[in-house]
Amino acid sequence: MSVNEAFEDKASAQQIDLVNDPDAGLSEEERMELDRKLIRKLDMRLVPWLCFLYLVCFLDRTNIGNAKIAGLLVDVPMSTTQFNATLTIFYISYAFFEVAANILLKKTRPSIFIPIIIILWGCTMLGMGFVKNWSGLMAARWFLGVAEAGLFPGINYYLSCWYKRSEFGARAAWFFSAAALAGSFGGLLAAAIEKMDGTAGIAGWAWIFILEGLLTIIVGAVSFWMVHDFPDEAKFLSDDDRRRVILRLQRDQQASAQHEEFKMKYFWQAVTDWKMYVGMLIYMGPLMPLYSFSVFLPTIIQNLGLTSKTSVIKNQLLSVPPYALAAVVTVVLGVYSDRIQRRGIFNLIVAPVGMAGFIMLIASSNPAVQYTGCFLGALGIYPAIPITITWVANNIEGVYKRGIVLGFVIGWGNLNGIVSSNVFINPPHFYPGHATILGYMFFGIFGGSAIMYTLLARENKKRLNGERDHLVQGKSAEAIHEMGDQRPDFLYTL
C-alpha cells in the first residue's frame, strides 16, 4: 500500500465535514474538471503578482552589491568591515521581526498588511539614494530589514493556506524563482541605470536606489488591489468556489479549512516540535550561501578577469546567466517534486552539485572554470530553498503553528546572513567565504535533509503499523482534529 493510499484510508475514519459540498451529485469527471478550473483560477489570481512582489523585494535587498561596483564606496567612504556591517544589520532586523510578522499577517488582512510593508521599504530604499555617510546607510539598512521581514515568510505561509500539500511545492518554486530572476534582472537593470551617472548631479549608484525605491512604492500602492485575503474572506471567489477551496483543504486534512483564533498553545506546540529545529538546520544551509552569492557575485565576477574591472556594465551583465539557469531549474524541480510527492531527495541531489561549484571556485584560477563554478553554485543554492520551505510547511499542521514554525525557520535562515556578510574577505579569491559556504551546504542542506528524511520515514512506519493509534483513544473528533500533524492518520511527506 502506498503512503497516499494509507493516508486516505486512515483519514476517512476521522474526517470532519466543515462545509457543504457544492458539487454533490456530480460525476468524478465533472468534479475533476471543476477542480482544474479552480486551480487555474487560483494560480492566475495569486501567484504571478506575488512572484513579482518577491522579485522587487529581493532586488531591493541585494542591489547594494550592484551599487558597490558602481561607485558607492567612493562617494560614501567606508572600510570593508563597515560595508559588511551594512549587510549584517539588515539580517538582524529582518530575522528579529519575521515571527511577529507572520502572526500579524494572520491577525490582520494580507490585502492591507503586505501593501503597507512594501510601501515602507520602498520609502527606505528611496532614502538610501541620498545617504551621505556610513551611519545613514546603516540606519536605512536596518529599517529595510524591518519592513521586508513580513514578505517572504508571510507569502509562503499565505500560499500554504490556499493549496493542498501536494500542490505547494510548485507554487513555492515559482514564487522563489523570482529571487533568481531578481539577480538576473538586477544585473540588467543596474547596467541600464548606471548610464544615468551624473544626471542631475546624482551618481549612478544613487540612481539605482532612487529609481528602484520609486518603483517599489508604486508596486506597493497597486498591491492594495492585487493582493487577496485568506480563502474564507477572499473577494474574488464566488461562494461555491470558496466552498471548493475550503473542502480541498479539509480533505487534505489542513486546519486552513476553518477559522482559527490565536492561542498561546499554538506557539508552544511550534517551539516544542523537533521538526522546526531540523528545518532550521536545513534552511540555514542554502540561506547563508544565497545572500553571499547574490550580494558578492558581481564582485566575484569582476575579480575573475573576464573583462576589465572598469567595465562595470559588462561585469553586471555576466552575472545574469547563472541566475537565469537557477530560476529555470528551481521551477522544474519544484513541479517534479509535487508530481512524485517527495522533497528531501532533491536537497540531497542539489547540495553536492552546489558544493562542486564552490570547490571549483576555490581550486582553480582559470576564469572559465570559476565562472562555470558560479553556475553550479547557483544550482545548489536556489532550488533547495523552496524545496525546504515546502517540506517544512507540508509537515506542520495548524494555521498558527505553521505560521510560527515558518517564521522561526525562515528567520533563523536569514539570521545566518550575518555570516555571509562577514566571511567574503581576502579578494580576489575569497577562500574563507567559499569554504564557509561549503560547510553550510554539507552540514545544512545535505546533513540536515538526511536527518529529517530518516526521522520522518521512521515515524511514518510507526503510524502505518498502528503504533500511534493509542494517542486518539477516547478523544472527540474535534480534539483529534486539533492534534494537527500529531494525529496518527497524518503521514509526513518525505
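Look a little higher up for the structure.
Residues numbered from 1 in each chain as written. Predicted model: local features only at pLDDT ≥ 70, side-chain atom pairs only at ≥ 80, totals over all residues. Heavy atoms only, no water.

Student: Outline the overall build of the chain, listing residues and values.
Tutor: What the chain contains, in helices and strands, is 20 helices and zero strands. Rg of the C-alpha trace for the chain: 23 Å, near the compact-globule value of 23 Å for 494 residues, within the 12% margin. Dimensions along the principal axes, computed over C-alpha positions, put the chain at roughly 70 × 45 × 40 Å. By residue count, 58% of the 494 residues in the chain fall in the buried class. When contacts within the chain are restricted to residue pairs at least 6 apart in sequence, those whose partners lie at least 24 apart make up 82%. (Helix = DSSP H or I, 4+ residues; strand = E, 2+ residues; numbered from the N terminus. Rg over C-alpha atoms; globule rule 2.2 N^0.38 Å. Buried < 20%, exposed > 50% of the residue type's maximum accessible area, 1.4 Å probe, protein only. Contact = heavy atoms within 4.5 Å.)

Student: Let's hear about the pattern of salt bridges: which residues, and what values?
Tutor: Taken as a whole, this structure holds 22 salt bridges when the rule is applied. The salt bridge partner of K275 is D273, with a shortest N-O separation of 2.8 Å. The same class applies to K275 as to D273, namely buried. For E397, the salt bridge goes to R402, with nearest N and O atoms at 3.2 Å. R402 matches E397 in its accessibility class, with the two residues each being buried. Linked by salt bridges that have partners in common, D23, K41, D241 and R244 make up one network. (Salt bridge = Lys/Arg side-chain N within 4 Å of Asp/Glu carboxyl O.)

Student: Tell me about the environment of I218, and name the residues and values.
Tutor: The topology assignment puts I218 in helix α8 (residues 204-226). Sequence-wise, I218 and L59 are 159 residues apart; in three dimensions their C-alpha atoms are separated by 15 Å.

Student: I'd like a rundown of the nonpolar core, residues and numbers included.
Tutor: L42, Y54, F152, W162, W205 and Y382 are the most contacted members of the largest nonpolar core, which has 128 residues in total. In terms of residues, this core owes the most to one element, helix α2 (residues 28-75), which gives 18 residues. Once residues lying within four places of it in the same chain are set aside, the contact partners of Y382 are F176, A179, A180, L290, F293, S294, Y323, A326 and T330. If you look at the next biggest cluster of nonpolar residues, it comprises eight residues, including W391, M452, Y492 and L494. (Core = buried A, V, L, I, M, F, W, Y, C linked by side-chain atoms within 4.5 Å.)

Student: An account of helix α17 (residues 399-415) is needed here, citing residue identities and associated values.
Tutor: In this model α17 runs 24 Å from its N-terminal to its C-terminal C-alpha over 17 residues, within 8% of the 24 Å that 1.5 Å per residue would give. Within α17, 14 of the 17 residues are buried, leaving the element largely enclosed by the surrounding structure. (Expected span 1.5 Å × (residues − 1).)

Student: Describe the packing of aromatic side chains, with residues and values.
Tutor: For the coordinates displayed, the defined rule picks out 25 aromatic pairs. Both rings, one in Y336 and one in F346, keep their centres 6.0 Å apart while their planes meet at 90°; by these two values the pair is edge-to-face. Of this pair, Y336 sits in helix α13 (residues 320-340) while F346 is found in helix α14 (residues 344-363), placing the two residues 10 residues apart along the sequence. The exposure class of Y336 is partly exposed, given its relative accessible area of 42%. For F346, a relative accessible area of 6% translates into the label buried. Taken together, the ring pairs connect Y54, F58, F152, F175, F176, Y323 and Y382 into an aromatic cluster. The cationic tip of R165 hangs over the ring face of F490; the distance from NZ or CZ to the ring centre is 4.3 Å. Directly above the aromatic system of W274 lies the positively charged group of K275, at a separation of 5.9 Å from the ring centroid. (Phe/Tyr/Trp six-rings, centres within 6.5 Å; stacked < 30°, edge-to-face > 60°. Lys NZ or Arg CZ within 6 Å of the ring centre and 35° of its normal.)

Student: Outline the side chain of N395, listing residues and values.
Tutor: With respect to the helices, strands and loops of the structure, N395 is situated in the loop between α16 (384-394) and α17. Relative accessible area serves as the criterion here: at 3%, N395 is assigned to the buried category. Polar side-chain contacts of N395 include one of 3.1 Å to the backbone oxygen of W391. Those residues in contact with N395 that lie beyond four places of it in its chain are R165, K275, L456, D485, F490, Y492 and T493. (Polar contact = N/O pair within 3.5 Å; in protein donor to acceptor, adjacent residues only side chain to side chain.)

Student: For the side chain of S93, give the residues involved together with the corresponding values.
Tutor: Note on placement: S93 falls in helix α3 (residues 80-107). The exposure class assigned to S93 is buried, which follows from its relative accessible area of 0%. Engagement of the side chain of S93 in a polar contact is seen with the backbone oxygen of W142, the distance being 2.8 Å. Those residues in contact with S93, other than ones at most four positions away along the chain, are R141, W142, G145 and V146.

Student: Any details on the packing of α3 against helix α5 (residues 134-148)? Residues and values, ideally.
Tutor: The geometry of α3 relative to α5 is characterised by a closest axis approach of 7 Å and an angle of 25° between their N-to-C directions. The angle between α3 and α5 places the two elements in the roughly parallel class. Note on packing geometry: the crossing formed by α3 with α5 is right-handed. Contacts between α3 and α5 pair Q82, F83, A85, T86, L87, I89, F90, I92, S93, Y94 and F97 from the former with W134, L137, M138, R141, W142, L144, G145, V146 and E148 from the latter. (Axes fitted to C-alpha atoms, helices over the stretch in contact; angles between N-to-C directions. Parallel < 35°, antiparallel > 145°, perpendicular 65-115°, else oblique. Left-handed = near helix turned anticlockwise from the far one by under 90°.)

Student: Talk me through the environment of L34; I want residue IDs and the actual numbers.
Tutor: Structurally, L34 can be placed in helix α2. Spatially, the C-alpha atoms of L34 and R244 are 9.1 Å apart, while their sequence positions differ by 210 residues.

Student: So, a nonpolar patch on the surface: which residues are in play, and what are the values?
Tutor: Together, I112, I116, L120, I218, V222, F224, W225 and M226 give the surface a local cluster of nonpolar side chains, amounting to about 760 Å² of exposed area. Put simply, the parts of the chain that give the nonpolar patch at least two residues each are α4 (110-128) and α8. For the nonpolar patch, the element with the most residues is α8, which contributes five residues. Structurally, M226 can be placed in helix α8. (Patch = residues over 30% accessible without salt bridge, like charges linked within 9 Å, V, L, I, M, F, W, Y side chains within 5 Å. Areas by Shrake-Rupley, 256 points an atom, 1.4 Å probe, with all protein chains shown as cover.)

Student: How would you explain the state of the cysteines if you had to name every residue and give the values?
Tutor: One way to say it: the disulfide is the covalent bond shared by the sulfur atoms of two cysteines. Counted according to the given criterion, the structure contains zero disulfides. The structure places no disulfide on C51, whose sulfur is separated from the nearest cysteine sulfur, that of C57, by 13 Å. Look at C51 and you get buried, because its relative accessible area is 13%. Classification of C57 as buried rests on a relative accessible area of 0%. (Disulfide = S-S within 2.5 Å.)

Student: Please give an account of the packing of α2 against α8 that cites residues and values.
Tutor: The description of two helices packed together rests on the angle between their axes and the distance between the axes. Close contact between α2 and α8 brings their axes to 8 Å; oriented N to C, the two are set at 165°. In terms of axis orientation, α2 runs roughly antiparallel to α8. Relative to α8, α2 is oriented so that their crossing is left-handed. Across the contact of α2 with α8, the residue classes tally to 15 nonpolar, five polar and four charged. (Nonpolar A, V, L, I, M, F, W, Y, C, P; charged D, E, K, R; others polar.)

Any link to function would need more than the numbers given here.
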